[in-house]
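Each chain is listed here by its residues.
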Amino acid sequence: MKTENSLFTGILIGLVLFEFFDVLAFDPIYGGIIGAIIVGIFSGKIIGKGSVKYAFFSIFTYNLIAWVLTFLFTSDGKLIFLSDGPAVSVFIGSLLVLVFFYSIIGSFGAFVTCNLSRNEQG
């Protein structure tokens, strides 16, 4: 599978997991961590060497898409965006820190999976 297809597939898997955890009313922080690990393992297994950057980009992308859609189409998101400027800035900054955190966790998962699969082959 080409890396571009794996990147797109990782984004789709992440979006499905994000919505799955949302429907189950799972805590978003734990759901994000579990989803990042799953997408990281997928990227590390399929892509192999160099999977860390693809895992980072796919996790970062699906989290941004999911959170933007969540806050554009829910009443809570509209309430946040209608509040004062500093509150929105703090909220968006906190959300970006979470997205980077998820991306780093998923990249670590891809790194570990890639190294473990390389050790099994050698």
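Here is what the cut-offs are and how they apply
- Residues numbered from 1 in each chain as written.
- Predicted model: local features only at pLDDT ≥ 70, side-chain atom pairs only at ≥ 80, totals over all residues.
- Heavy atoms only, no water.
- Helix = DSSP H or I, 4+ residues; strand = E, 2+ residues; numbered from the N terminus.
- Buried < 20%, exposed > 50% of the residue type's maximum accessible area, 1.4 Å probe, protein only.
- Contact = heavy atoms within 4.5 Å.
- pLDDT = per-residue confidence, 0-100.
- Axes fitted to C-alpha atoms, helices over the stretch in contact; angles between N-to-C directions.
- Left-handed = near helix turned anticlockwise from the far one by under 90°.
- Nonpolar A, V, L, I, M, F, W, Y, C, P; charged D, E, K, R; others polar.
- Phe/Tyr/Trp six-rings, centres within 6.5 Å; stacked < 30°, edge-to-face > 60°.

### A few points about unusual backbone geometry
(1) Moving on: Positive phi, close to 60 degrees, is recorded for A25, a residue that is not glycine.
(2) Moving on: Residue position: A25 is located in the loop between helix 1 (3-23) and helix 2 (28-46).
(3) Moving on: Taking relative accessible area as the criterion, A25 reaches 68% and is therefore assigned exposed.

### Observations concerning the side chain of S107
(1) Moving on: By the element assignment, S107 lies in helix 5 (residues 85-121).
(2) Moving on: If sequence neighbours within four positions are ignored, S107 has contacts with V52, A55, F56 and I59.

### What to know about the environment of L98
(1) Moving on: Tracing the backbone shows L98 in helix 5.
(2) Moving on: When the C-alpha atoms of L98 and G32 are compared, they prove to be 8.8 Å apart, with 66 residues separating the residues in sequence.

### What about the confidence of the model for the protein chain?
(1) Moving on: The share of residues in the protein chain with pLDDT of 70 or more is 93%, and the mean pLDDT across the chain is 86.
(2) Moving on: Within the protein chain, the lowest mean pLDDT, 80, falls on helix 4 (residues 75-81), and the highest, 90, falls on helix 2.

### What to know about the packing of helix 2 against helix 3 (residues 51-72)
(1) Moving on: The N-to-C vectors of helix 2 and helix 3 enclose an angle of 145 degrees; their axes lie 9 Å apart at closest approach. Pair helix 2 / helix 3 crosses with right-handed handedness. Every residue of helix 3 that contacts helix 2 at P28, G32, G35, A36, V39, G40, S43 and G44 is listed here: S51, A55, S58, I59, Y62 and W67.
(2) Moving on: Here the residues of the contact of helix 2 with helix 3 are counted per class, giving 7 nonpolar, 7 polar and no charged.

### Details of the environment of P28
(1) Moving on: Note that P28 resides in helix 2.
(2) Moving on: Given the relative accessible area of 44%, P28 is considered partly exposed.
(3) Moving on: Those residues in contact with P28 that sit more than four places away from it in its chain are W67 and Y102.

### Things to note about the packing of aromatic side chains
(1) Moving on: Enumeration over the complete set of coordinates arrives at 10 aromatic pairs.
(2) Moving on: Each ring, one from F56 and one from F60, has its centre 6.2 Å from the other, and the planes form 5 degrees; the classification is stacked. With F56 and F60 both in helix 3 and 4 residues apart, this pair spans about one turn of that helix.
(3) Moving on: For F56, a relative accessible area of 23% corresponds to the partly exposed category.

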